[in-house]
Amino acid sequence: MPLYHTEDQAMLADTARQFMGEEGAIAKQLRHWRDTNCKDGFGHGLWKQFAELGFTGILVGEADGGLGMGHVEAGIVLEEIGRNLTPSPFLTSSVMAATALGSASADLRGRWLPGLLTGDSVFAVAVDEGPKHRPERIKTRAERAGNGFKLNGAKAFVLHGGSADMLVVAARTAGLDDDDAGITLFAVPKDVAGLSQDKVRLVDSSMATHVKLDNVTLDADAVIGEVDGGREVLNRMLQAGRVGAAAESVGVAAGAFDMTTTYLKQRKQFGRLIGEFQSLQHRAAHLYSEVEIARAATIKAQQLLDGGSVRADLMVSVAKAKAGKAASLAVKEGVQMHGGIGMTDEYDIGLYMKRDRALAEFMGDQYYHADRVARLSGY
Amino acid sequence: MSDLDAFRAEIRAWLEENCPPEMREPAREEDDACWGGRNFKFKNEAQKQWLERCAAKGYTVPDWPKAYGGAGMNAAQAKVWREEMHRINARAPLSSFGIWMLGPALLKFGTEEQKVHYLGQIARGEIRWCQGYSEPGSGSDLVSLQTFGEDKGDHWVVNGQKIWTSYANKADWIFCLVRTDKGNKYQGISFLLFDMTTPGVSTKPILLISGSSPFCETFFDNVVVPKDQIVGELNCGWDVAKYLLGHEREMISGAGGNDRLNTIGAVLNRAGLEDPLLRADLAQFDVDALAFSAMGEKFLDEIKVGKAHPAQPNMMKYAGTELNKRRYELLMAGGGSASLEWESEASDGGARARTWLRTKANSIEGGTSEVMLNVISKRILDLPGA
């Protein structure tokens, strides 16, 4: 399969670009919800519009009423989200939770997917347990109790947890903290007794929670996939989240880069446009190259994932790490090249820097994934 | 079965039948590559057979038209060809500046007679070409070149000197940038082809820090070049050169390279990797290298359908050569003192150290990294005054 978009994908990209550029624009969404101190950190109206365009069900199978598309298509939407810093629960709900629910029973899918398709529901994923992404170690416990399970533990960095109707929780039903086996995924409704969430606003104005699970009692039918066999579903969900976050990072990088090159062509100092200075030109050209490579790695990973390739896992980590590196460079160069104005809240470039920082941590940063590339390569 | 599947089956069967087992081993030494030409000495019978069999089918240049010695494959078929070659680790039947550089320029700018004549020779590996671009005073600022062709009616008389002419001492013919109008900088250069055995042509190898001499100085002393040996219009050689440089940059970038799947960390790990900071650098490198291999694939896919930015080869050249230099820095560090050996048998005659030194030229030849960044700034980013 060639590494560029098909005609259908290019049409989707046009739609997403236009929609996000207008409805999802920084002034209309990110700044608006931030400045009104919105407790969700995003707008439900926009989420309904996502649903009307079919975006919320992009990875949901056609049998369940979704579009049944793949990670390439989800990535197209995410790149535009990244470019416009559009706050939305798309990545956690429509990419990650939807991927997990793809392995769930018909009952569970029937319970949760319709709300996603209409844009009435929001989902979150509760995997991390500390400040760094370490899904290999899961301490949260689920013990058998009566007909179901009792969950105890704590989760961190649960994006949109406070707005979510359901949280996909990874818990341990067997084995030791570091064991690969013995993981079970649960669909946990927001209002279940014993679930408490501390909301916290993050540097990029998004909302996350610290989750506590204190004897949360669930029926057996809340299990996604197999009891003790959840690692495989978890990995699928993580891969979806990682390649999705990579695509969003590429969008953040591209948005910051475009803003910066535009500025280089407008700002005058020493009687010249600053874009005439070779020191800035070379850095901009290097950055261009890094962003292009990150985009290529991301499309490759999306295609491999959609095709079920054995190399997908490696390439997903390559994409997340590379996109993270490129976006980090793009926002740092962006702020520096804007000079003083880049430090002001009024100017958008700083918002890109904040979004990049949050996105870098989400689903593993460049160090985590470079380490993973090394391990998967046998060293 | 789709047409493409049928095509793949056909290619797979042909390769199974015709690619000698020796040609499915990775190339280890410089003379493992087959360069063809009048004076080429085949390393073994398998190398000769492999060239002849491929040439007979047009497979040395699978996507060139059949009339010019190719196999007439479309983009999808050519990709299948590369994948099937890669599947059995087959070596390229022919390494050739004619294929990589002159060929694409002739396909675009050559006359019908030139295409039939020269492209056929290239495809069959009969003539080995070298490139006469740089001069002692014209490196990055190539357009300042001074080698002059004086108009003598039905021919030019060429005088001057080229430098960094790769394998000029082994080449049969040269494609050469020659000034044909001293009053016009850009519009005063012509793209000429001539035989290296023409009286007045001489070459002198340049000893490099790697200890080898892939480059030469090339001297022209009243060299007679017939008028029909020009490619493109008179004084329009710069357009041909720019077009061709794109292909050269693509080649040096390694975009067409077929094996980047073995991560460098995995290679070094066989000898034991104990330093965590080195491991970290290797992991970062492997992320960049694997990402760049996806970029290479994307670039080739896009170029086949005209989706790539025309100046994108400059980006590929920049990123690919900088990456390759990093690769060899890490290989040297990973190898420790063993990689310092210059003449031992264990080190295969200092292969790693020599290659490490050779890679330093990657970001100089064919346009320096700094020139690449200038070109990206101007042609892709449209920055002012660039």
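Residues numbered from 1 in each chain as written. Chains lettered and ligands numbered in written order. Predicted model: local features only at pLDDT ≥ 70, side-chain atom pairs only at ≥ 80, totals over all residues.

Overview of unusual backbone geometry
Part 1 of the reasoning: Positive phi, normally seen in glycine, also occurs at Asn37 of chain A, with a value near 55°.
Part 2 of the reasoning: Taking the number of C-beta atoms within 10 Å as the measure of exposure, Asn37 of chain A has 9 and is therefore exposed.
Part 3 of the reasoning: One non-glycine residue, Tyr167 of chain B, adopts positive backbone phi at about 50°.
Part 4 of the reasoning: Mapped onto the elements, Tyr167 of chain B comes out in the loop between β3 (155–166) and β4 (173–179). (Buried ≥ 20, exposed ≤ 12 C-beta atoms within 10 Å, placed from the backbone. Helix = DSSP H or I, 4+ residues; strand = E, 2+ residues; numbered from the N terminus.)

Concerning the domain arrangement of chain B
Residue and element names in this part refer to chain B.
Part 1 of the reasoning: One can read the domain layout of chain B as domain 1 (3–95), domain 2 (129–237) and domain 3 (254–380).
Part 2 of the reasoning: Relative placement of domain 2 and domain 3: their C-alpha centres are 30 Å apart.
Part 3 of the reasoning: In this complex, domain 2 contributes 6 residues to the contact, which on the side of domain 3 involves 6 residues.
Part 4 of the reasoning: Across the side of domain 2 that touches domain 3, the residue classes break down as 2 nonpolar, 4 polar and no charged. (Domains from an automatic or database assignment. Contact = placed C-beta atoms within 7 Å. Nonpolar A, V, L, I, M, F, W, Y, C, P; charged D, E, K, R; others polar.)

Remarks on the domain arrangement of chain A
Residues and elements named next belong to chain A.
Part 1 of the reasoning: Each domain of chain A was delimited in the assignment, giving domain 1 (7–121), domain 2 (125–228) and domain 3 (232–376).
Part 2 of the reasoning: Here the C-alpha centre of domain 3 lies 30 Å away from the C-alpha centre of domain 2.
Part 3 of the reasoning: In this complex, domain 2 contributes 14 residues to the contact, which on the side of domain 3 involves 12 residues.
Part 4 of the reasoning: Counting residues per element, the ones that place at least two in the side of domain 2 that touches domain 3 are β4 (166–172) and β5 (183–189).
Part 5 of the reasoning: Partitioning the side of domain 2 that touches domain 3 into residue classes produces 10 nonpolar, 3 polar and 1 charged.

A few points about the confidence of the model for chain B
Residues and elements named next belong to chain B.
Part 1 of the reasoning: For chain B, per-residue confidence averages 91 on the pLDDT scale, and residues scoring 70 or more make up 95% of the total.
Part 2 of the reasoning: The low-confidence segment residues 256–260 (pLDDT under 50) makes 7 contacts with residues lying over four places distant or belonging to another chain.
Part 3 of the reasoning: The complex model carries a pTM of 0.87, and its ipTM stands at 0.95. (pLDDT = per-residue confidence, 0-100.)

Re the nonpolar core
Part 1 of the reasoning: Counting 157 residues, the largest nonpolar core has Val168, Phe186, Ala253, Ala301 and Val318 of chain A together with Ala291 of chain B as the members making the most contacts within it.
Part 2 of the reasoning: Tallying contributions element by element places helix α7 (residues 231–264) of chain A first for this core, with 18 residues.
Part 3 of the reasoning: The residues touching Ala301 of chain A, leaving out its near neighbours within four places in the chain, are Val243, Ala246, Ala312, Met315, Val316, Val318 and Ala319 of chain A.
Part 4 of the reasoning: Ala55, Ile99, Ala105 and Phe220 of chain B belong to the second largest nonpolar core, which has 65 residues in total. (Core = buried A, V, L, I, M, F, W, Y, C linked by C-beta atoms within 7 Å.)

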